[in-house]
Amino acid sequence: MKMKGTQILLECLKAEGVEVMFGYPGGAVIDIYDELHRNPAVKHILVRHEQAAVHAADGYARATGKVGVALATSGPGATNTVTGIATANMDSIPIVVFTGQVPTHLIGNDAFQECDITGITRPCTKHNYLVRNPDELASTIREAFHIARTGRPGPVLVDLPKNVIAAEVDYDPAKIRINATKLSLPPKPSSKKFVQMLEMLRASRRPVLLTGGGILLGKASDELRAFARRAKIPVTSTLMGLGAFPGSDPLFLGMPGMHGTYYANMAISHCDLLICIGARFDDRVTGKLDTFASNAQIIHIDVDPSSINKNIVVDLPIVSDAKSALENINRLLKDNNYAPTDAERKDWLEQIEAWKKKAPLAYCQDAEHIKPQCVIETLYELTKGKAIITTEVGQNQMWAAQFYRYDDPNTFISSGGLGTMGYGFPAALGVKLAFPDRIVVDIAGDGSIQMNIQEMATAMQYNIPVKIVLLNNGYLGMVRQWQELFYEKRYSNTDMTFQPDFVKVAEAYGWEAFRAKRPEEIRPVLEKGLFSNRPCLMDFQIAREECVYPMVRPGASISEMTLGTREMTN
Ligand SMILES: Cc1ncc(C[n+]2csc(CCOP(=O)(O)OP(=O)(O)O)c2C)c(N)n1
């Protein structure tokens, strides 16, 4: 059947199961918007900045495990998507971003609103396309979705010249063929690898699991829980993996690394076997490389072969997605009737308990000032741990990771790899659209929230009642913390001396908004703000110079931590 490119695009989105897309119109994509007007098959959310469209698609993808979709016009619309694309790329998030492009005969002519977006995004996409031939539109879109979600997921950009989407061509979904060579996946690992893993496990007296976002992306939480509990292995999770293993499980150690727990860092430093699944040994996790897990044999399971032996040389590399690797090893444990006895694990688990007792996550209460950690703890209590939390970047992100416990997968949503301020709020919109019955909270700093605050309008227009818990310290807090600790308190350009009245800003957009200035106001403000069916900003004026602890100095070993007022090294 003959169809216009714009119709084919919408047909393809429907075929991929796309329910919602986030976008912003312009000349190069006006025909797509015209088609959407005629055929509202896919719900479109008009954001107020294209960066937010991509973050919202990314938040939707992280919360649902489906591919998120964003649409922007050519030129500035396209370049505004770059931060969102790079954010998704660093965290391996499956999204497809469509951009408009000038007609093919004008490409390279510096035409109005032309930019080489495939060139610009080549280093920060998993793959990208400039569709030059209308006959290839449908197959390109199908391939884009497939690549986004297959193997190590990631963002794919599809650039659509105006004449390509205006052309009429034959469309027959049954005849769409995609290029298989681009999609080749690594072969399944041999079963010998898992036998070797079991042998290493049997020999180990002090094993630790280090898990990352790969568990969530691979939908392997159940298998991880079964493995860790049967083999009685303590679990530490990177920022990206929080929620894959229950935060309230006694085997859970919290995050490792720069702002990790004392006991996670101690466990890694003293273990004799480190089993890393779906994490990539980021420098924020490892600290000084030569002392990282230096007493341990290391097994690394990852779907992306290029992640293995990249930062850390390992003893047993296994290229596999997390789910099938864990299924394999769980089967092997069962078949071999292997489960260590309590006595076998006693010394190690007691040692870990001792570390937990010696230096739990803690902060000093204050009768006058609001402590951000207390805001997060109260949020946890009031939501009974059932909210989906997104974060901005900085201290707010670390406190959100430390003081809320994540028991379920995909309930902590944060920009880990790129560390993008301005991510959390639009991401929360994407999450809330996917889960309208859940409480969705963006934990924000006053710097970050101003990077996409315009999306308050989007929340109102589409009735998306997300909540913002603003930890307002009047500083770019995390940078100020580094200046305090490493630059003799020279607070160069981190004091946000001028602040808008955030309550009034929120109210101007039609939001509910409340402010808390004293510790006793934390609970009532959260109680008022969290449970209404309206978007609400809660402005907590926190102790201005509170720091995030524990902290490993950049470049130091993770066993050398500053625990606030006390130093602790082991
Ligand atoms: C887009 C962007 N620009 C700059 C940075 C560098 N940066 C990291 S944390 C931070 C401070 C964040 O301040 P705020 O949002 O107020 O949060 P706080 O640390 O005070 O909780 C900055 C500027 C960044 N991560 N992202």
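Residues numbered from 1 in each chain as written. Predicted model: local features only at pLDDT ≥ 70, side-chain atom pairs only at ≥ 80, totals over all residues. Heavy atoms only, no water.

**Structural notes on the overall build of the chain**
What counts, and what does not: The secondary structure listing takes helices from DSSP runs of H or I that are at least 4 residues long and strands from runs of E that are at least 2 residues long, numbered from the N terminus. The globule rule used for comparison is 2.2 Å times the number of residues to the exponent 0.38, while the radius of gyration itself is calculated over C-alpha atoms. Burial classification: accessible surface area is computed with a 1.4 Å probe over protein chains only, and a residue below 20% of its type maximum counts as buried, one above 50% as exposed, and the rest as partly exposed. Every accessible area reported is derived by Shrake-Rupley at a probe size of 1.4 Å, with residue values counting cover from the shown protein chains alone.
When you go through the chain residue by residue, the secondary structure sums to 23 helices and 21 strands. At 24 Å, the chain has a C-alpha radius of gyration in line with the 25 Å of a compact globule built from 570 residues. When the 570 residues of the chain are sorted by exposure, 58% land in the buried category. A total accessible area of about 22500 Å² is found for the chain, and carbon and sulfur atoms account for 51% of it.

**Focus: the pairing of strand S3 (residues 43–46)**
Let me state the cut-off plainly: A pair of strands is treated as paired once DSSP finds two or more bridges between them. For the handedness criterion, the strands are oriented away from the viewer, and a crossover whose path from the first strand over the helix to the second runs clockwise is classed as right-handed.
Sheet analysis places strand S2 (residues 20–23) next to S3, joined by four bridges and oriented parallel. Following the sheet pairing, Phe-22 is matched in S3 by Ile-45. Traced from S2 through helix H2 (residues 30–38) to S3, the parallel crossover comes out right-handed.

**Some points on the nonpolar core**
Short version of the rule: What is meant by a nonpolar core is a set of buried Ala, Val, Leu, Ile, Met, Phe, Trp, Tyr and Cys residues, joined one to another through side-chain atoms within 4.5 Å. Residue contacts follow a heavy-atom distance rule, with two residues in contact if any of their heavy atoms lie within 4.5 Å.
Grouped together as the largest cluster of nonpolar side chains are 70 residues, with contacts concentrated most on Met-197, Phe-227, Ile-275 and Phe-540. Dropping the residues within four chain positions of it, Ile-275 is found in contact with Met-197, Leu-201, Val-208, Leu-209, Leu-210, Phe-227, Ile-233 and Ile-299. By size, the runner-up hydrophobic cluster in this structure holds 36 residues, among which are Leu-13, Ala-138, Ala-144 and Val-169.

**Considerations on the confidence of the model for the chain**
Inclusion rule: As a per-residue quantity, pLDDT reports the predictor's confidence and falls between 0 and 100.
The predicted model of the chain has a mean per-residue pLDDT of 96, with 99% of residues at 70 or higher. Below a pLDDT of 50 lies the segment residues 566–570, which in the model reaches 16 contacts outside its immediate sequence neighbourhood of four places, other chains included.

**Brief notes about the site of the ligand**
The following threshold applies: Proximity criterion: a residue is near a molecule or strand once any of its heavy atoms comes within 4 Å of it. Within 3.5 Å is the distance limit for a polar contact, defined as a pair of N or O atoms, with the added protein rule that one can donate a hydrogen and the other accept it, and that residues adjacent in sequence qualify only through two side-chain atoms. In this classification, Asp, Glu, Lys and Arg are treated as charged, Ala, Val, Leu, Ile, Met, Phe, Trp, Tyr, Cys and Pro as nonpolar, and every other residue, Gly included, as polar.
For the ligand, the set of nearby residues contains 17 residues, the closest of which are Gln-395, Gly-419, Gly-447, Ser-448 and Gly-477. Take Asn-473: an N or O atom from its side chain is 3.0 Å from an oxygen atom of the ligand. Put simply, the parts of the chain that give the shell around the ligand at least two residues each are helix H17 (395–403), helix H19 (446–449) and helix H21 (477–486). Residue composition of the shell around the ligand, by class: seven nonpolar, nine polar and one charged.

**A closer look at the side chain of His-259**
Structurally, His-259 can be placed in the loop between strand S10 (235–237) and helix H12 (262–270). With residues near it in sequence (within four places) discarded, His-259 still touches Met-398, Gln-402, Met-478, Gln-481, Val-548, Pro-550 and Met-551.

**Considering the sheet that holds strand S14 (residues 388–391)**
In plain terms, the rule: Only the contacting stretch of a helix is used when fitting its axis, a line to C-alpha atoms as for every element, and angles between N-to-C directions run 0 to 180 degrees.
Reading across the sheet, the six strands line up as S15-S14-S16-S17-S19-S18 and stay open at both edges, with parallel pairing between neighbours. In this open sheet, the two edge strands, each paired with only one partner strand, are strand S15 (412–413) and strand S18 (512–516). As paired elements, strand S17 (residues 467–472) and strand S19 (residues 536–541) share six bridges and run parallel to each other. Looking at the pairing, Asn-472 lines up with Gln-541 of S19. Where H17 meets the sheet, it contacts S14, S15, strand S16 (440–445) and S17, and its direction lies at approximately 135° from that of S16.

**Comments concerning the state of the cysteines**
Throughout this description, disulfide means a covalent bond between two cysteine sulfur atoms. The line we're drawing: The disulfide criterion is simple: two cysteine sulfur atoms within 2.5 Å.
A full pass over the atoms with the stated rule returns zero disulfides. Summary of cysteine pairing: Cys-124 is not part of a disulfide, and the nearest cysteine sulfur, belonging to Cys-115, is at 12 Å. On the accessibility criterion, Cys-124 (12% relative accessible area) is buried. We note that Cys-271 lacks a disulfide partner, and the nearest cysteine sulfur, in Cys-276, lies 11 Å from it. In this structure Cys-271 comes out as buried when scored by relative accessible area, which is 0%.

**Things to note about the packing of helix H9 (residues 191–203) against helix H14 (residues 322–335)**
Using the following cut-off: An angle below 35 degrees is read as roughly parallel, one above 145 as roughly antiparallel, one from 65 to 115 as roughly perpendicular, and any other as oblique. Left-handed describes a crossing whose near helix is turned anticlockwise from the far helix through less than a right angle; right-handed describes the clockwise counterpart.
Where H9 meets H14, the closest approach of the two axes is 10 Å, and the angle between their N-to-C directions is 60°. Relative to H14, the element H9 lies oblique. Note that H9 runs across H14; the crossing there is right-handed. Contact with H9, carried on its side by Phe-194, Val-195, Met-197, Leu-198 and Leu-201, involves Ala-325, Asn-328, Ile-329, Leu-332 and Leu-333 of H14 and no other residues of that element. Of the residues in the contact of H9 with H14, the class split is nine nonpolar, one polar and no charged.

**Some points on helix H16 (residues 372–382)**
Here H16 lies mainly inside the structure; nine of its 11 residues are buried. Buried residues along H16 sit in contact with S14, H17, S16, S17, helix H23 (522–530) and S19. Looking one or two residues beyond H16, the residue adopting positive phi is Lys-384, at roughly 50°.

**So, the pattern of salt bridges**
Cut-off, in case you're wondering: The term salt bridge refers to a pairing of a side-chain nitrogen on Lys or Arg with a carboxyl oxygen on Asp or Glu at a separation within 4 Å.
On inspection of all chains with the given rule, the structure shows 28 salt bridges. Note that Asp-172 is salt-bridged to Lys-175, the shortest N-O span being 4.0 Å. Judged by its relative accessible area of 62%, Lys-175 falls in the exposed class. Ionic pairing is found between Lys-232 and Asp-342, a salt bridge with its closest N-O pair at 3.7 Å. Here the residue Lys-232 occupies a position in the loop between helix H11 (221–231) and S10, and Asp-342 occupies one in helix H15 (residues 342–358), the gap between them amounting to 110 residues.

**Things to note about the sheet that holds strand S9 (residues 207–211)**
Taking strand neighbours across the sheet as the criterion, the five strands line up as S10-S9-S11-S12-S13 in an open arrangement whose pairing is parallel. The open sheet terminates on both sides in strands that have one partner only, identified here as S10 and strand S13 (316–319). The mean angle between the axes of side-by-side strands here comes to 15°, regardless of whether they run parallel or antiparallel. Taken together, the five bridges between strand S11 (residues 273–277) and strand S12 (residues 297–302) define a ladder with parallel strand orientation. The residue bridging Ile-275 from the neighbouring strand is Ile-299, located in S12.

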